[in-house]
Amino acid sequence: MRTTRVLAAASVVALAATLGACAPDDGVPTLTWYINPDDGGQARIAAACTDAADGAYRIETSLLPRDAASQREQLARRLAAGDTSLDIMSLDPPFIPELAEPGFLDDVPGELQNTDGIVQGAVDSASWGGELVTVPFWANTQLLWYRQSVVEAAGLDMSQPVTWDDIIAVAEEQDLRLGVQGALAESLTVWINALVASAGGEILKNPEAPADELELGLDSDAGRAAAEIIHRIGADGLGGPGLPTADENANMNLFQGEQGSFMVNWPFVWPAMTGADPAIADDLGWAVYPRVDADKPAAPPVGGINLGVGAFSKNPDLAWQAVECIVQPENQSQYFVTDGNPPSNAAAYDDPRVQEEFPMADTIRESLDLGVPRPQTPYYNEISIGLQRTWHPPAAVNPDTTPRTSSEFILAVLRGERLL
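Conventions we followed
- Residues numbered from 1 in each chain as written.
- Predicted model: local features only at pLDDT ≥ 70, side-chain atom pairs only at ≥ 80, totals over all residues.
- Heavy atoms only, no water.
- Helix = DSSP H or I, 4+ residues; strand = E, 2+ residues; numbered from the N terminus.
- Rg over C-alpha atoms; globule rule 2.2 N^0.38 Å.
- Buried < 20%, exposed > 50% of the residue type's maximum accessible area, 1.4 Å probe, protein only.
- Contact = heavy atoms within 4.5 Å.
- Areas by Shrake-Rupley, 256 points an atom, 1.4 Å probe, with all protein chains shown as cover.
- Phe/Tyr/Trp six-rings, centres within 6.5 Å; stacked < 30°, edge-to-face > 60°.
- Pairing = 2+ DSSP bridges.
- Core = buried A, V, L, I, M, F, W, Y, C linked by side-chain atoms within 4.5 Å.
- Axes fitted to C-alpha atoms, helices over the stretch in contact; angles between N-to-C directions.
- Parallel < 35°, antiparallel > 145°, perpendicular 65-115°, else oblique.
- Nonpolar A, V, L, I, M, F, W, Y, C, P; charged D, E, K, R; others polar.
- Disulfide = S-S within 2.5 Å.

Helices and strands together make up the secondary structure of the protein chain, namely 18 helices and 11 strands. Here the C-alpha radius of gyration of the protein chain, 22 Å, is about what a compact globule of 420 residues would show, namely 22 Å. Taking the principal axes of the C-alpha coordinates as reference, the protein chain spans close to 70 × 55 × 35 Å. The proportion of buried residues among the 420 residues of the protein chain is 55%. For the protein chain, the share of sequence-separated contacts (at least 6 apart) that also reach a separation of at least 24 residues comes to 75%. Entry remark: accessible area of the protein chain is about 16700 Å², with carbon and sulfur atoms responsible for 48%.

The tally for this structure, following the rule as stated, stands at 9 aromatic pairs. Judged by centre distance (6.3 Å) and plane angle (65 degrees), the ring pair of tryptophan 145 and tryptophan 286 falls under edge-to-face. With tryptophan 145 in strand β7 (residues 143-147) and tryptophan 286 in strand β10 (residues 284-287), this pair connects stretches of sequence that are 141 residues apart. Where tryptophan 164 meets tryptophan 191, the ring centres are 6.2 Å apart and the plane angle is 45 degrees; that geometry is what we call tilted. With a gap of 27 residues between them, tryptophan 164 in helix α7 (residues 164-174) and tryptophan 191 in helix α8 (residues 186-198) connect regions that are remote in the sequence. For tryptophan 164, a relative accessible area of 1% corresponds to the buried category. By the ring-pair criterion, three or more aromatic residues cluster together here, those being Trp33, Phe137 and Tyr335.

Moving on: the pairing of β7. Sheet faces and side chains relate simply in a regular strand, where the side chains alternate between the two faces. Most of β7 is tucked away: 5 of the 5 residues are buried. Here β7 shows a buried face lined by Leu143, Trp145 and Arg147 and a second buried face lined by Leu144 and Tyr146. Relative to strand β9 (residues 260-265), β7 runs antiparallel, the two sharing 4 bridges. Across the sheet, residue leucine 143 finds its bridge partner in β9, namely asparagine 265. Strand direction decides the pairing type here: β7 and β10, joined by 4 bridges, are antiparallel. Within β10, the position partnered with arginine 147 by the bridge is leucine 284.

Across soluble globular proteins, nonpolar side chains show a tendency to be buried alongside one another. Formed by 51 residues in total, the largest nonpolar core has its most connected members in Trp164, Trp191, Ile233 and Phe262. Here isoleucine 233 is in contact with Trp164, Ile168, Leu178, Val180, Trp191, Leu238, Gly239 and Leu243, once residues within four sequence places are set aside. Of all hydrophobic cores here, the second largest spans 27 residues; its members include Leu31, Trp138, Leu307 and Val327.

Turning to the packing of α8 against helix α17 (residues 380-390), a few remarks are in order. The angle between the axes and the distance between the axes are what describe a pair of packed helices. Relative to each other, α8 and α17 sit at 90 degrees, their axes nearing to 9 Å. As the angle between them shows, α8 and α17 are arranged roughly perpendicular. Contact with α8, carried on its side by Glu186, Leu188, Thr189 and Ile192, involves Tyr380, Ser384, Leu387 and Gln388 of α17 and no other residues of that element. Classifying every residue of the contact of α8 with α17 by side-chain character gives 4 nonpolar, 3 polar and 1 charged.

What follows covers helix α14 (residues 329-339). The complete set of buried residues in α14 reads Asn331, Gln332, Ser333, Tyr335, Phe336 and Asp339. Residues of α14 that are buried in the fold lie against α2 (41-53), β6 (135-141), α13 (316-326), α15 (352-357) and α16 (361-370). Once α14 ends, the next one or two residues include glycine 340, with phi positive near 80 degrees.

In the structure shown here, the tally under the stated rule is 1 disulfide. What pairs with cysteine 49 in a disulfide is cysteine 325, and their sulfur atoms sit 2.1 Å apart. A torsion of -95 degrees about the S-S bond marks the disulfide between cysteine 49 and cysteine 325 as left-handed. Of this pair, cysteine 49 sits in helix α2 while cysteine 325 sits in helix α13, and the two are 276 residues apart along the sequence.

Nothing here speaks to function; it is geometry throughout.
What follows is the structure in structure tokens.
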């Protein structure tokens, strides 16, 4: 098992960082769980696991900022300061290597190392250095959503895998628009990574290498195939006039309009669209993410939240006991039903409540087993921002030059020769 590594600098200031929540003085250890914003589901799980602990511990939740970048910044700074209040943390997968590499995360105990029954995309996103460094909680993936009336008019068989070429051709023939995320934001990195991985490539070849030795895989056939798709959708206006600023919510609105056809998006759109427009809901279909190459399975995006325990926690053993309770399949299925966040445990998808509320649950589970995380590296922030700066706006992406110039820019940043 990986031994916990603690930075010497962190121990110097550890005494300055005791920001734990206040708790009743009844002798019961209080664990603080830092959570990302949701609809209250994590707080409800915390209360249920506190009850189940029968006095062994109590869990209090503390809310992190809404956006993932701010969550990363707050947690990284406090962990670097040796903050003992960081017992349990809800972590966005791309930032886990950055926290694991310097030893900010406690070792996952043996009883939680078993990944049987966990969707593969979640396992991959929870790991670093070939080891599980966090525990999968809920997972997320993008599906291909479509208007059934559109595919019927096109004669497209959605029971079989479809390609980006297929859906682009339908949109062109019917003068319709495609819902894709072209904004200068993390969502653009998600799209680029899914395209490169679906084409059989990878953005980062050697994720565990030092910054000045990292090798990128963008300047490749897979990178050029990804660039061709983004360029075509942008230059031909298939993403609509708002594509350079389009995020997931803008895509959903475009998809529900008169020119909606296909959309790649997260499962949150299902309750949002069915609640807003029953007519659209009746015309709504879903499938696994489009393929880049008809002969290669798609590599859908993977997101979600994994749970880590801070290396400086005063109660790491109790924290891991709490994590084990939090990730039980019944809690994951309940969380999916109440908050719309898909489980990482495959068995949770068989819950009748899940099947009723999310009829595409089996497709989500399949997608998560196919999914490929974004580049796992302590330097993820530099790589993601570098991609966004060089692949935006979509219409300006050039398959012949963008993959190469993007690689050169990102590598220069990592070597300290350029600034983001």
